[in-house]
Amino acid sequence: MRAADLDAVIAIDTRVTGIEKRAYWQGVYKRYGASRSEGRQFLVADAGGVVAGFVIGEVRDWEFGSPPCGWVFAIDVDPDARQAGVGTRLLAAICAGFRAAGVTKVRTMLSRDNRLILSFFRSQGMMAAPFIPLEMDA
Amino acid sequence: MKLQKNTRLALYSVLEFAADPARHIAASSIAERYDVSPHHLAKVLSELARAGVVESVRGVGGGYRFAANARRLTLLDVIQLFEDFDGRDERREGGDDTPVGRALATVLEEVDEMARATFATITLATMLRIVERHRK
Ligand SMILES: CC(C)(COP(=O)(O)OP(=O)(O)OC[C@H]1O[C@@H](n2cnc3c(N)ncnc32)[C@H](O)[C@@H]1OP(=O)(O)O)[C@@H](O)C(=O)NCCC(=O)NCCS
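First, a word on scope: everything that follows refers to the structure included in this document.

The rules behind these values
- For every chain, the first residue of its written sequence is number 1, and the numbers climb from 1 along that sequence.
- Throughout, the order in which chains and ligands are written sets their labels, letters from A for the former and numbers from 1 for the latter.
- Under the rules for a predicted model, residues below a pLDDT of 70 receive no local features and side-chain atom pairs below 80 are neither given nor counted, while totals for whole chains, interfaces and linings still include all residues.
- As a rule here, side-chain values come from all non-hydrogen atoms in the structure, and water together with hydrogens is ignored.
- Numbering goes from the N terminus for both helices and strands, where a helix is a DSSP run of H or I of at least four residues and a strand is a run of E of at least two.
- To estimate how far a helix should reach, multiply one less than its number of residues by 1.5 Å.
- Working definition: with a 1.4 Å probe on protein chains only, accessible area under 20% of the residue-type maximum means buried, over 50% means exposed, and in between means partly exposed.
- The arc in question is traced by the directions running from the helix axis to the C-beta atoms.
- Here, residues are in contact when the closest pair of their heavy atoms is within 4.5 Å.
- Once two parts are put together, the accessible area they lose, assessed with a 1.4 Å probe and summed over both, is termed the buried area.
- Salt-bridge detection follows one rule: a side-chain nitrogen of Lys or Arg within 4 Å of a carboxyl oxygen of Asp or Glu.
- Polar contacts, as used here, are pairs of N or O atoms within 3.5 Å; protein pairs need one atom able to donate a hydrogen and one able to accept it. Residues neighboring in sequence count only if both atoms are side-chain atoms.
- Classes in brief: Ala, Val, Leu, Ile, Met, Phe, Trp, Tyr, Cys and Pro nonpolar; Asp, Glu, Lys and Arg charged; the others, Gly included, polar.

Here we look at helix α1 (residues 6-17) of chain A
Helical periodicity: at 3.6 residues per turn, an α-helix aligns residues three or four positions apart in one direction. Residue and element names in this part refer to chain A. For α1, with 12 residues, the first-to-last C-alpha span of 16 Å sits near the 16 Å given by 1.5 Å per residue. Along α1, the positions that sit buried rather than exposed are Leu-6, Val-9, Ile-10, Ile-12 and Asp-13. Projected onto a plane normal to the axis of α1, the buried residues spread over an arc of 160° and lie on a single side. For α1, the secondary structure elements touched by its buried residues are α2 (22-34), β1 (41-47), β2 (50-60) and β3 (69-77). After α1 finishes, the residue Gly-18 shows a positive phi value of roughly 80°.

Here it is, written out as structure tokens:
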């Protein structure tokens, strides 16, 4: 991920979600792209000079008593580049980064209704984690 | 969580076929492997054939072969052929309209939603990888 890739990342996200969030992405880039440290990763898939997708994650320590693990909190592949293995390679790359940072578990949290991305992570070998996400009105 | 007997049989069969899509497999060999009655299995297989998941092979040996897309067909797709898993249970029971009945329905719905999201996102191809992990 280079600063020059940010526009392409924003374009993919805008296309997928329908909302442009430039300030948000600049913040994400500052936190995850510019600083390589602390197990943070912001990777893009480079398809011959064109950004075909991205993945973002970080190592999280002792959240809710669980030992450090890799946390993937966004993955997106350009709709025109899907079903060609890009998502698989992005996840493999971020996992390699996590292993290099010394963690062996990778987790993520997804909307139960997003069957596309759930199917993707399942295809990569993910199973339900021993946690239950909860919410309430604050 | 428990699946009905026919549903389990259907999943066993479909995974046997999907593991080796080119091969046709005799019903008897599946019946033997999973220790089920051939008569019972025959009904399940004809239902799977009717749905286009497998196709029957005529001639010497006979049997069925896989006819679907293992990378897209999900466990829920197969389960749904044999039991009603999607949608709410419309049967009315005594006490449904009490506060406790409604509270219980909310909690049961939470469990069902989780089960549906799980079955709907595990394709046969993904399941075959899980099967591989259990071979050791
Ligand atoms: C999920 C996503 C990352 C997958 O990327 P991809 O590059 O298409 O994935 P791959 O080509 O590596 O596919 C790997 C596996 O995922 C599953 N998969 C991918 N697309 C699928 C689809 N349309 N339907 C069902 N399964 C699918 C398959 O099991 C596939 O394996 P196969 O090729 O053997 O069938 C991509 O579809 C995407 O970005 N979707 C939107 C993500 C999103 O909603 N992001 C916002 C929340 S973070």
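Re the interface of chain B and chain A
Listed by partner, the interface residues are 15 residues for chain B and 9 residues for chain A. Both faces considered, chain B and chain A share a buried interface measuring about 1000 Å² in area, 53% of it formed by carbon and sulfur atoms. Counting across the interface, chain B meets chain A through 1 salt bridge. If you look at where chain B meets chain A, you find 2 residue pairs in polar contact (both at pLDDT 80 or more). When contributions to the side of chain B that touches chain A are tallied by element, the ones reaching two or more residues are α5 (99-119) and α6 (124-133) of chain B. Broken down by element, the residue count for the side of chain B that touches chain A peaks at 6 residues, all from α5 of chain B. Split into classes, the residues belonging to the side of chain B that touches chain A amount to 6 nonpolar, 3 polar and 6 charged.

Some words on unusual backbone geometry
Non-glycine residue Gln-83 of chain A carries a positive phi angle of around 55°. Tracing the chain through its elements places Gln-83 of chain A in the loop between β3 and α3 (86-100). Here Asp-35 of chain B, not a glycine, exhibits a phi torsion of approximately 55°, which is positive. With respect to the element layout, Asp-35 of chain B can be found in the loop between α2 (27-33) and α3 (38-50).

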